[in-house]
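Below, each chain spelled out in residue letters.
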Amino acid sequence: MVDQRGELRLRSMRVVTPDGTRPATVAVSDGRITAVLPHDSAVPPGVPCEDFGADALLPGLVDTHVHVNDPGRTEWEGFATATRAAAAGGITTLLDMPLNSLPPTTTVAHLRTKQLTARPQVHIDTGFWGGAIPGNTADLRELYAAGVFGFKCFLSPSGVEEFPALDEEQFAGTMAETAALGALLLVHAEDPHQLATAPQRGGPRYADFLASRPRTAEHTAIETVISHARRLNARVHILHVSSVGALPLIAAAKEEGVRISAESCPHFLTLTAEEVPDGATQFKCCPPIRESANRDALWAGLAAGTLDCVVSDHSPSTVDLKTRDFALAWGGISSLQLGLSAVWTEARRRGHTLDEMAVWMAAGPARLAGLSHKGAIEVGRDADFAVFASEETFTVDPARLHHRNQITAYAGRTLRGVVRSTWLRGSRIADHGTPSEPVGRLLERSA
């Protein structure tokens, strides 16, 4: 709802800006924020004004860790369903991971295939990470020039045969290339040797699965990443940190000047190993959900700035792949539509604020990806917003999710915070959980 000049005003008693939360009126013109004005500012004649009362106006969330799986495994998830779910959950920008789709995003031709598939389907703005696998180092420069935001690699098996892990020599060569390009290298950091020597017992017991993915696998792999990043002065990012033991390693590297950042995910911050029932493989992910005390320490690392952002690692599959055997079930948690409410439920309980949420789930991921026009309510940014009723609660009903496969570790949980509406470049793209037609754009990295 904008006038013919593309102007709009959005008003709330709680506008969450980089300078704090305050009553304000946000002026929008042609999809960009042009001013953040006093709450009682006069609205020019003919300019529409939406007043959200006490509902908070947050910047649209940015999720830099999403597995869309389209094309090739669209029965797991597709651009239409993933971005509908994201819009319903207050996310206005996502970056798609390079694996689980067929083909993976490891060449420019594969990137173009993915872009062609995505373009008519996306409800929110969507960009792409490239993939680094054995044998494609020579492709990385061209992929980077084609607009991917950086590159993802694995140090242990990815779970799909078309996206193999890098051994240490290959990893060093890949990082040397990304350092030469000035590109960000994202790392799934679990050491394969530590995993191979851990006890491997199949079956429904979560305790057995947890033992098969020891903390030391994360710690050893992160030490390897830091060592190479220090030597090469490379930009590196540790994906989905689950173990508190990783935090001192990352903090020390940052203090030393290593160009490293790290993320965690809603499931590590809200769920605990103690509450996972045996056979409940909707809770399976790699690295795994760990114990309650570990969760507490991750929150401390987030508050201290050791962890830079919170992103979903939305990695869905069909229901049949979530067999009761933890060794055989697909590892991944679906949370695109629920991440904001899940994290806020726990954050609020711990005394954190919506200002912090905006840093962790909007500004931080936008900064990671170099999306300077996203992630904050300030002049010059895209007019992307989530209207959030922070004190309202709801119980998660999988049937009401827009994910293609309505299976989630959050089923039956009561969460606090309801996304009333989501706005992309000044247009409402979801209203009370119902997305509109796809109007998202494909994003490419700026030079």
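Quick caveat, the model's predicted, so the values are computed rather than measured. (Residues numbered from 1 in each chain as written. Predicted model: local features only at pLDDT ≥ 70, side-chain atom pairs only at ≥ 80, totals over all residues. Heavy atoms only, no water.)

**Focus on the sheet that holds strand β10 (residues 151-154)**
Step number 1: Strand order across the open sheet formed by six strands is β9-β10-β11-β12-β13-β14, with parallel pairing between neighbours. With one partner strand each, in any of the chains shown, β9 (130-131) and β14 (309-310) form the two edges of the open sheet.
Step number 2: Across two bridges, β9 lies against β10 in parallel orientation. Bridged to G130 within β10 is F151. (Pairing = 2+ DSSP bridges. Helix = DSSP H or I, 4+ residues; strand = E, 2+ residues; numbered from the N terminus.)

**Some points on the nonpolar core**
Step number 1: With 96 residues, the main nonpolar core has F151, F171, V241 and M357 as its most contacted residues.
Step number 2: Considering every element that reaches this core, the biggest residue donor is helix α12 (residues 354-369), with six residues.
Step number 3: Grouped together as the second largest cluster of nonpolar side chains are 21 residues, W76, W129, L239 and W330 included. (Core = buried A, V, L, I, M, F, W, Y, C linked by side-chain atoms within 4.5 Å. Buried < 20%, exposed > 50% of the residue type's maximum accessible area, 1.4 Å probe, protein only.)

**Description of the sheet that holds strand β8 (residues 125-128)**
Step number 1: Spatial ordering of the open sheet is given by β6-β7-β8, a layout of three strands whose pairing is parallel. Each edge of the open sheet carries a strand with a single partner, namely β6 (61-66) and β8. Strand-to-strand twist across the sheet, computed as the mean angle between neighbouring axes with direction ignored, equals 20°.
Step number 2: The pairing of strand β7 (residues 91-96) with β8 spans four bridges and is classified as parallel. Paired with T93 across the two strands is D125, which belongs to β8.
Step number 3: Along the sheet, helix α1 (residues 79-88) makes contact with β7 and β8, crossing β7 at roughly 140°.
Step number 4: Each of β6 and β7 is contacted by α12, which is oriented at about 55° to β6, the strand it contacts most. (Axes fitted to C-alpha atoms, helices over the stretch in contact; angles between N-to-C directions. Contact = heavy atoms within 4.5 Å.)

**Comments concerning unusual backbone geometry**
Step number 1: That bond from D70 to P71 is cis: its omega, 5°, falls within 30 degrees of zero.
Step number 2: As for its placement among the helices and strands, P71 is situated in the loop between β6 and α1.
Step number 3: Of note, the bond from C286 into P287 is cis; its omega dihedral lies within 30 degrees of zero at 0°.

**Here we look at the pairing of strand β3 (residues 32-38)**
Step number 1: As defined by bridge partners, strand β2 (residues 20-29) adjoins β3 across six bridges and the pair is classed as antiparallel. Within β3, the position partnered with V26 by the bridge is V36.
Step number 2: Here β2 folds back onto β3 in antiparallel fashion, the turn holding two residues, of which D30 has a positive phi close to 50°.

**Observations regarding the pairing of β10**
Step number 1: Both faces of β10 are covered, namely the face carrying F151 and C153 and the face carrying K152 and F154.
Step number 2: Assessed by its sense of winding, the connection that carries the chain from β9 through helix α3 (residues 140-145) to β10 is right-handed.
Step number 3: Looking at chain direction, β10 and strand β11 (residues 184-188) are connected through four bridges and run parallel. Each residue of the ladder has a partner; that of K152, found in β11, is L186. (Right-handed = clockwise from strand over helix to strand, strands pointing away.)

**A few points about the environment of M13**
Step number 1: When you line up the elements, M13 lands in strand β1 (residues 7-17).
Step number 2: Apart from residues no more than four positions distant in its own chain, M13 is found in contact with R22, P23, H39, G53 and A54.

**Some words on the environment of D70**
Step number 1: Along the chain, D70 turns up in the loop between β6 and α1.
Step number 2: D70 gets classed as buried once you look at its relative accessible area, which sits at 4%.
Step number 3: It is 25 Å that separates the C-alpha atoms of D70 and A411, two residues lying 341 residues apart in sequence.
Step number 4: Excluding residues that lie within four positions of it along the chain, D70 makes contacts with E77, G78, F79, S101, K114, T117 and Q121.
Step number 5: Among the polar contacts listed, one links the side chain of D70 to the side chain of T74, at a separation of 2.8 Å. (Polar contact = N/O pair within 3.5 Å; in protein donor to acceptor, adjacent residues only side chain to side chain.)

**Looking at the environment of L336**
Step number 1: Of note, L336 is situated in the loop between β14 and α11 (339-349).
Step number 2: Along the primary structure L336 and D63 are separated by 273 residues, whereas in three dimensions their C-alpha atoms are 8.6 Å apart.
Step number 3: Beyond its immediate stretch of four places on either side in the chain, L336 contacts D63, V66, A82, A85, A86, G89, I91, S312, H314 and H403.

**Here's the deal with the pattern of salt bridges**
Step number 1: Tallying each qualifying case throughout the model produces 28 salt bridges.
Step number 2: As a salt-bridge pair, R215 and E291 come within 2.7 Å of each other at their nearest N and O atoms. Remark: E291 occurs in the loop between α9 (266-270) and α10 (292-304) and R215 occurs in helix α7 (residues 215-232); sequence separation between them is 76 residues.
Step number 3: Note on E291: relative accessible area 29%, which makes it partly exposed.
Step number 4: One salt bridge connects R350 with D296, and the closest N-O pair in it is separated by 2.7 Å. (Salt bridge = Lys/Arg side-chain N within 4 Å of Asp/Glu carboxyl O.)

**Looking at α12**
Step number 1: Under the 1.5 Å per step criterion, the end-to-end length of α12 is 22 Å for 16 residues, consistent within 8% with the ideal 22 Å.
Step number 2: Of all 16 residues making up α12, 12 are buried, and the element is well covered by its neighbours.
Step number 3: All of the buried residues along α12 are L354, M357, A358, W360, M361, A362, A363, G364, P365, A366, L368 and A369.
Step number 4: Immediately beyond the C-terminal end of α12, within one or two residues, lies G370, with a positive phi of roughly 75°. (Expected span 1.5 Å × (residues − 1).)

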